[in-house]
Structures are given as structure tokens and as C-alpha cells.
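Single-letter residue listing:
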Amino acid sequence: MATLEINPSLFAGLPVRLSPEVAEALHSGQPVVALESNVISHGLPRPLNLDAARDVEDAVRQNGAVPATSAVIAGQCVIGLSSDELEQIGTAEGVRKASSRGLGACLASGEVGATTIAATMVLAHAAGIRTVASAGLGGVHRDVDQSFDISSDLVQLTRSKVMLVCAGAKTILDLPKTLEYMETQCIPVIAYRSDDFPAFYVTSSGLRCPIRIDDAVELANAARFHWSVPGAGSLVITHPIATDHALDRETVENAIQQGLAEAQSLQVTGAAVTKFLMRAVDRATDGASSTANAAVLASTAGVASEIARAWSQMTVGAAL
């Protein structure tokens, strides 16, 4: 079987450690799915966070791919956490949230850092992993006219070359503006086996995705042709949460509006707003939003594995 080469120059100056499982998978051309760790350290309450992290990795394996959860540990970018490292991210105090702009500072400090979607895209691209799975993409915030708050996830999509598989963008965001921003930045948004743009733990935002593709091989081919365009970045592949795990859109929206009012009165601003609103929704739904978050993480990981298999088969076959 032909092998896929990892380009060492992509890691120039960046201390990276691949787990033996991930290194072997990349060497032999097996499908690999990159996973963020910020949701483990900051996104989900304990002990649900570790259970969810293990369920997500199991979902990847059960669908024929190798999971590569990433984090910053002891001055290295680790791609493919061990069981002990996964537990460290999920239980240690003071784990740093490491986005793409914060990787350098986190590495220099020697702190433990949990990678966001943006940072995970950086590491996946560098390692030659083409598929990244997450629950909800960051985007344009609702008060963007005052705050100018736009997630670095959207910027990193223009710089890395991956297929980001997610359940749309977080419900707390301004979703029409988020879609408009991605159009402006030439980021393809493709609905996989659905029509609408999902809203994290809500099946539909009420907005249509510009492209629908129902076949994983066709989707992999779309990515291949997209990356043949000079300057092309990532693709966003959406797949909604299953209806039996989804939350009611009106209930979530009411909780968000109440949370926004509380955040304003408490002067919660900047990056702290996202976590504040997510916690507000969790309280309003008696914890159901955290359960839905864990469910959609596993769901998108399974879909990402299917797409990663199609990509692997296509690229290895082309190299034979």
C-alpha cells in the first residue's frame, strides 16, 4: 500500500509530538480525525466532560478512523492524547484555553493548554490531517456592531486546509452574519445529508446551507477540487444533532436573551461572554444543553470519520 508522507517542514520551529497510533495511521494512509480539547476543559461540566471525550474517541474508532485529540502539554503540541493526558486535560485546575494566537505563549510558559477549534485546525493542517470534528463552530457575536467580536475560528478557516465537520455554529451567535462572513471569506459551507444550517444543539437555525452533498466520496472530491484553487482554505461541513437529542429552539433563544441581559448588567464582556451564555442556557434547560453538547460531539465525530475514510481511500488510491 502506498503511504502518505508527513512534511516535516510544516512543523518548523513548532514542537509537536504525535502519538504512536496517530503517527502510524498517517504513515500508512489510514483515516484520522482531529479533535479539540477545549470542550473537555472548559466546555462541559465534570464528570460529563471526560465521559464525553472518551465517547467521542470511541465514535471515531467505531466508524473506522483514528482519533487525534490535541492539547499543549509540557511545552509540546500533542496530537493524539493518551488516556492519562486526556484525564489531565479534563481534571487539572488552571488549564489554559489555547487558540491559534495563543499557542506560542502557551508553549513558552510550559502550561497545560486545551486547544480550541482554531488551534486544532492549525495542528491538523501541519500534521497532514484533513478532517477535524467539533460540536459548534465559533462565529460572529450578536453584539458585533458594538464589540466587533468575531471568533478566531472563522479567520483560521481561511488559513488552514481542513474539512471542519460540525453541527453548524453556536446558537448564541448571530448566525446570519456568521454565514455572511464565511461567504465573504470564500469558505464553502456544505450541508451533509441535510438542507438547513444547524445551530449546535438545535437541529435548524432556520437558515439554508448554500450547498448540500449526500455522498462522502463526492464531498471528499469537492474538497480536493477546492484545494486545487490557489489560496483556498478550509471547508465547513455541517450535520445536525439527532432529533432525539436536540433542544427546542424557542426555549434556547429565551435563555440566550435572558443571559445577554444578565451579562450586560454584570458587565461580562469579551471572551467571557461565550462561557457565560452557555452556562445560562444550561441552567435554563436543567442541564439538558450539556447532555446535547456531548451527544452532538459524538455525532459529528462519527460523520467526520465517514468523510475521513472517503478522503483516505481517494488519496491512497490516487497514490498507488
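Parameters and conventions
- Residues numbered from 1 in each chain as written.
- Predicted model: local features only at pLDDT ≥ 70, side-chain atom pairs only at ≥ 80, totals over all residues.
- Heavy atoms only, no water.
- Axes fitted to C-alpha atoms, helices over the stretch in contact; angles between N-to-C directions.
- Helix = DSSP H or I, 4+ residues; strand = E, 2+ residues; numbered from the N terminus.
- Parallel < 35°, antiparallel > 145°, perpendicular 65-115°, else oblique.
- Left-handed = near helix turned anticlockwise from the far one by under 90°.
- Contact = heavy atoms within 4.5 Å.
- Nonpolar A, V, L, I, M, F, W, Y, C, P; charged D, E, K, R; others polar.
- Pairing = 2+ DSSP bridges.
- Buried < 20%, exposed > 50% of the residue type's maximum accessible area, 1.4 Å probe, protein only.
- Core = buried A, V, L, I, M, F, W, Y, C linked by side-chain atoms within 4.5 Å.
- Salt bridge = Lys/Arg side-chain N within 4 Å of Asp/Glu carboxyl O.

Undergrad: Could you give me a rundown of the packing of helix α11 (residues 249–265) against helix α12 (residues 272–284), with the residues and numbers involved?
TA: Close contact between α11 and α12 brings their axes to 8 Å; oriented N to C, the two are set at 130 degrees. What the angle tells us is that α11 and α12 run oblique. Pair α11 / α12 crosses with right-handed handedness. Side by side, α11 and α12 meet where Val-252, Ala-255, Ile-256, Gly-259, Leu-260, Glu-262 and Ala-263 of the first sit next to Phe-276, Leu-277, Ala-280, Val-281, Arg-283 and Ala-284 of the second. Class assignment of the residues belonging to the contact of α11 with α12 gives a composition of 10 nonpolar, 1 polar and 2 charged.

Undergrad: Account for the pairing of strand β4 (residues 76–79), with residues named and values stated.
TA: Bridge count between strand β1 (residues 16–18) and β4: 3 bridges; the pairing is parallel. Each residue of the ladder has a partner; that of Val-16, found in β4, is Cys-77. Here strand β3 (residues 66–73) runs beside β4; their pairing, made up of 4 bridges, is antiparallel. Looking at the pairing, Ala-71 lines up with Val-78 of β4.

Undergrad: How would you summarise the pairing of strand β9 (residues 189–192) if you had to cite specific residues and measurements?
TA: Burial along β9 is two-sided: the face carrying Val-189 and Ala-191 and the face carrying Ile-190 and Tyr-192 are both buried. By the bridge criterion, 3 bridges tie β9 to strand β13 (residues 235–238) in an arrangement that is parallel. Bridged to Ala-191 within β13 is Thr-238.

Undergrad: Which residues make up the side chain of Asp-174, and what values go with them?
TA: Position of Asp-174 among the secondary structure elements: in the loop between β8 (163–166) and α9 (175–184). Setting aside residues up to four positions removed in sequence, Asp-174 forms contacts with Val-140, His-141 and Arg-142.

Undergrad: Provide a residue-level description of the nonpolar core, including the pertinent values.
TA: Counting residues in each nonpolar core, the largest one holds 106 residues, and the members touching the most others are Ile-129, Leu-137, Leu-157, Met-163, Met-182, Tyr-201 and Ile-237. Here the element with the most residues in this core is helix α13 (residues 288–319); it accounts for 12 residues. Sequence-distant contacts of Met-163, that is, excluding residues within four places in its chain, are made with Arg-130, Thr-131, Val-132, Leu-219, Ala-223, Trp-227, Leu-235, Ile-237, Ile-307 and Trp-311.

Undergrad: Help me get a handle on helix α1 (residues 20–28), residues and values and all.
TA: For α1, the complete set of buried residues consists of Val-22, Ala-25, Leu-26 and Ser-28. Next to the buried residues of α1 lie β1, β2 (32–35), β3, β4 and α6 (117–127). Just past α1, the residue Gly-29 takes up positive phi, approximately 80 degrees.

Undergrad: Run through the pattern of salt bridges, naming residues and quoting values.
TA: What the rule picks out here adds up to 12 salt bridges. A salt bridge links Asp-174 to Lys-177; its shortest N-O distance comes to 3.1 Å. Using a relative accessible area of 38% as the deciding quantity, one classes Lys-177 as partly exposed. In this structure, the salt-bridge partner of Glu-306 is Arg-193, at a minimum N-O distance of 2.9 Å. Placement of the pair is Glu-306 in helix α13 and Arg-193 in the loop between β9 and β10 (196–199), with a sequence separation of 113 residues. For Arg-193, a relative accessible area of 42% corresponds to the partly exposed category. Each of Glu-21, Glu-57 and Arg-61 takes part in a single network of salt bridges with overlapping partners.

Undergrad: Which residues make up the packing of helix α3 (residues 48–62) against helix α4 (residues 83–91), and what values go with them?
TA: Across the interface, α3 lies against α4 with an axial gap of 9 Å and an inter-helix angle of 145 degrees. Judged by the sense of rotation from one axis to the other, the crossing of α3 with α4 is right-handed. On α4, the residues that touch Asn-49, Leu-50, Ala-53, Arg-54 and Glu-57 of α3 are Leu-86, Glu-87, Gly-90 and Thr-91.

Undergrad: Please set out the environment of Ala-169 residue by residue, giving values where relevant.
TA: Structurally, Ala-169 can be placed in the loop between β8 and α9. The exposure class assigned to Ala-169 is buried, which follows from its relative accessible area of 0%. Residues Ala-169 and Ala-292, spaced 123 residues apart in sequence, show a C-alpha to C-alpha distance of 14 Å. Among residues more than four places away in sequence, those in contact with Ala-169 are Gly-136, Leu-137, Leu-175, Thr-178, Phe-197, Pro-198, Ala-199 and Phe-200.

Undergrad: An account of the environment of Val-162 is needed here, citing residue identities and associated values.
TA: Looking at the element boundaries, Val-162 is found in the loop between α8 (152–157) and β8. For Val-162, a relative accessible area of 0% translates into the label buried. Contacts of Val-162, omitting those with residues within four sequence positions, involve Met-121, Ala-124, His-125, Ile-129, Arg-130, Val-132, Trp-227, Ser-234 and Leu-235.

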